[in-house]
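Listed here are the chains, written in short residue letters.
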Amino acid sequence: MKSKLLVGVALSSTMLINSCYFNSAGHIFDKASYQATSVTRELGANKNQVVYTDGEDYYVELTRFRMGDPVKTQYSAFDQESDDSEPKLQARGKDLFEIPKDFAMYLTGKAKGPDAPTEMTRIRKAETAERIKSRCTTMPIVKDAGKYAEVWQQKSSAAP
């Protein structure tokens with residue numbers, strides 16, 4: 001009985017001394033759903049970027065960023081709180097967005113403005129985006145875009 005008590009005390013002490021645990025569930029949930037954003041500021045001249053068009057609709061490809069602090073694998077009781085007011089962004093792939101014609105004309109140098117879209121519509125499925133790009137022609141982007149961000153909740157189709 002005394003040896004079981006000593007083993008229990010030793011294990012408890014070890015856990016308190018280490019003061020950490022592994023966050024494997026955090027990684028799973030991070031892959032299933034996260035706050036995402038794409039920003040037009042990455043569009044600009046001399047970056048080998050293009051506007052896709054089928055003659056009626058216009059599209060651009062933007063990086064999808066995960067917003068917020070990265071998921072930590074191991075937490076410790078001695079970790080310091082971060083006081084960064086800037087949101088952290090981590091690149092998580094590319095998405096295709098439908099953009100207004102006037103913004104597309106600005107980016108390609110065919111109009112004087114506007115330098116930012118009034119709205120953008122994200123093409124949700126990668127297969128649909130690839131099909132759209134395959135049927136479109138491209139025009140090089142020759143002007144830098146203004147500041148605009150699209151924010152959404154990114155959900156994996158494999159989440160359930």
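First, a word on scope: everything that follows refers to the structure included in this document. The numbering scheme is per chain: residues are counted from 1 as the chain's sequence reads. This being a predicted model, a pLDDT of at least 70 is required before a residue's local features are given, and a value of 80 or more before pairs of side-chain atoms are given or counted; all residues contribute to the totals for chains, interfaces and linings. Side-chain measures here rest on the full set of heavy atoms in the structure, leaving out hydrogens and waters.

**Let's talk about the side chain of R64**
Heads up, the condition is: Helix and strand definitions follow DSSP, with helices as H or I runs of at least four residues and strands as E runs of at least two, each counted in order from the N terminus. Here's how the labels work: a residue is buried when its accessible area is under 20% of the maximum for its type, exposed when over 50%, partly exposed in between, all with a 1.4 Å probe on protein chains only. Identification of polar contacts relies on pairs of N or O atoms within 3.5 Å, with a donor-acceptor requirement for protein atoms, meaning one able to donate a hydrogen and the other able to accept it, and with residues adjacent in sequence counted only if both atoms are side-chain atoms. Whether two residues are in contact is decided by their heavy atoms: any pair within 4.5 Å suffices.
As for its placement among the helices and strands, R64 is situated in strand β4 (residues 58-67). Taking the relative accessible area as the measure of exposure, R64 reaches 13% and is therefore buried. Among the polar contacts made by the side chain of R64, one reaches the side chain of Y34 at a distance of 3.0 Å. A distance of 3.0 Å separates polar atoms of two side chains, one belonging to R64 and the other to D95. Ignoring any residue separated from it by four or fewer positions in sequence, one finds R64 in contact with Y34, A36, T37, S38, Q90, A91, R92, G93, K94, D95, W152 and Q154.

**Some thoughts on unusual backbone geometry**
The step from G113 to P114 runs through a cis peptide bond, and the omega angle for that step is 0°. Tracing the sequence through the fold places P114 in the loop between α3 (101-107) and β7 (121-122). The phi torsion at N46 lies on the positive side, around 60°, for a residue other than glycine. Within the element layout of this structure, N46 appears in the loop between β2 (33-39) and β3 (50-53). The exposure class assigned to N46 is exposed, which follows from its relative accessible area of 78%. Positive phi, close to 55°, is recorded for N48, a residue that is not glycine. Judged by relative accessible area, which is 81%, N48 ranks as exposed.

**Topic: the packing of aromatic side chains**
Inclusion rule: By convention, a stacked pair of Phe, Tyr or Trp rings (six-membered ring in the case of Trp) has centres within 6.5 Å and planes under 30 degrees apart, an edge-to-face pair has planes over 60 apart, and any other such pair is tilted. The criterion for a charge sitting over a ring is simple: Lys NZ or Arg CZ within 6 Å of the ring centre, and within 35 degrees of the ring normal.
According to the stated counting rule, one finds 1 aromatic pair in the structure shown. Ring geometry for F97 and W152: centres 5.9 Å apart, planes at 65°, overall edge-to-face. Placement of the pair is F97 in strand β6 (residues 89-99) and W152 in strand β9 (residues 149-155), with a sequence separation of 55 residues. When sorted by exposure, F97 lands in the same class as W152, which is buried. A cation sits over an aromatic face here: R92 above Y34, 5.0 Å from the ring centre.

**Digging into the nonpolar core**
Keep this limit in mind: Definition of nonpolar core: a set of buried residues of the types Ala, Val, Leu, Ile, Met, Phe, Trp, Tyr and Cys, connected through side-chain atoms within 4.5 Å.
Counting residues in each nonpolar core, the largest one holds 19 residues, and the members touching the most others are L43, V51, Y58, V60, I99 and L107. Residue assignment for this core shows that the elements contributing at least two residues are β2, β4, β6 and α3. When residues of this core are assigned to their parent elements, the largest contribution, 5 residues, is made by α3. In contact with L43, other than residues within four places in its own chain, are Q49, V60, E61, L62, F103, L107, I141, K143, D144 and A145. In terms of nonpolar packing, the next biggest core, distinct from the first, is built from 7 residues, Y52, Y59, L96 and I123 among them.

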